[in-house]
Amino acid sequence: VTLEFMYVDNATMQLIQNPSHFDVICTENLMGDILSDAASVLPGSLGLMPSASFGPPSEKNAGKSPFPGLHMYEPIGGSAPDIAGKNVANPIAQILSVAMMFRYSFGMQKEAETVEKAVYDTLKDGFRTADIAIPGKTPIGTSQLGEEISERIKRGSNTRSEQEILAQ
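The model shown is predicted, which means the values in this text are computed figures rather than measured ones. (Residues numbered from 1 in each chain as written. Predicted model: local features only at pLDDT ≥ 70, side-chain atom pairs only at ≥ 80, totals over all residues. Heavy atoms only, no water.)

### Topic: the pattern of salt bridges
- Using the criterion set out here, one finds six salt bridges in the structure.
- In this structure, aspartate 121 engages lysine 124 in a salt bridge whose closest nitrogen and oxygen atoms are separated by 3.7 Å. Taken together, the positions of aspartate 121 and lysine 124, both in helix α4 (residues 109–124) and three residues apart, correspond to about one turn of that helix.
- Lysine 154 is the salt-bridge partner of glutamate 151, the closest N and O atoms lying 3.5 Å from each other. On the criterion of helical spacing, the pair formed by glutamate 151 and lysine 154 is a turn pair, its members being three residues apart in helix α5 (residues 142–155).
- Judged by relative accessible area, glutamate 151 falls into the partly exposed class, the value being 38%. (Salt bridge = Lys/Arg side-chain N within 4 Å of Asp/Glu carboxyl O. Helix = DSSP H or I, 4+ residues; strand = E, 2+ residues; numbered from the N terminus. Buried < 20%, exposed > 50% of the residue type's maximum accessible area, 1.4 Å probe, protein only.)

### Examining the layout of surface pockets
- The calculated volume of the largest pocket comes to roughly 990 Å³.
- Taken together, 28 residues form the lining of the largest pocket, with Ile25, Ser36, Pro50, Ser51 and Ala52 sitting closest to its centre.
- Elements with a contribution of two residues or more to the lining of the largest pocket: α2 (29–39), β1 (50–54), β2 (71–75) and α3 (92–104).
- Considered class by class, the residues forming the lining of the largest pocket number 17 nonpolar, seven polar and four charged.
- In this structure, the second largest pocket spans a volume of roughly 490 Å³.
- Looking at the second largest pocket, it is lined by 18 residues, and the ones nearest its centre are Glu4, Phe22, Val24, Ile25 and Cys26.
- If you list the elements that add at least two residues to the lining of the second largest pocket, you get α1 (8–17) and α2.
- Classifying every residue of the lining of the second largest pocket by side-chain character gives 13 nonpolar, three polar and two charged. (1 Å grid on protein atoms, 1.4 Å probe; cavity = no way out; pocket = protein on both sides within 12 Å on 5 of 7 lines; lining within 4 Å. Points joined across faces, edges and corners; volume = space filled by probe spheres on them. Nonpolar A, V, L, I, M, F, W, Y, C, P; charged D, E, K, R; others polar.)

### Details of the pairing of β2
- Burial along β2 is one-sided: His71, Tyr73 and Pro75 are buried, while Met72 and Glu74, pointing the other way, are not.
- Relative to β2, β1 is paired through five bridges, and the arrangement is antiparallel. Across the sheet, the residue bridging to phenylalanine 54 is histidine 71, located in β2. (Pairing = 2+ DSSP bridges.)

### Points about the packing of α4 against α5
- Relative to each other, α4 and α5 sit at 125 degrees, their axes nearing to 8 Å. On the basis of the axis angle, α4 is oblique to α5. Judged by the sense of rotation from one axis to the other, the crossing of α4 with α5 is right-handed. Residues Thr114, Val115, Ala118, Val119, Asp121 and Thr122 of α4 form the contact with α5, whose own contacting residues are Leu145, Glu148, Ile149, Arg152 and Ile153. (Axes fitted to C-alpha atoms, helices over the stretch in contact; angles between N-to-C directions. Parallel < 35°, antiparallel > 145°, perpendicular 65-115°, else oblique. Left-handed = near helix turned anticlockwise from the far one by under 90°. Contact = heavy atoms within 4.5 Å.)

Take a look at the structure:
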């Protein structure tokens, strides 16, 4: 990883033009908010992007996790109070934030991968909220998408999907 320093306006432009140039972006919170909101155009929705704010290392948690300290995980879109209770929010960013927490705070790599694969499999199987719906397909609500992902987590997404089995 190469260390580069950039002003936030340049970093925003570089992030949009060439996102694969970046492996990790470290910044303070305000600039991170600007960059993460701008980056949301890359996958097409704020509802897909998890984030982590890592606190300073803590001696209390030393040796218990890969990144000891107090950390906060959240979707980059925040709580979206304007659509709260309407069953239209995309829950994927929240779910992927939990995968990040498993990986970075608890060192639970397998569990993080299971959550990530469940999200991937759910999308691959065509389940999507309105913000990322496939043209001509009926979108589903927050609750149903969460249930679809939950079912795949329970099955342990290491198993192949029904469609993959039938395709053989």
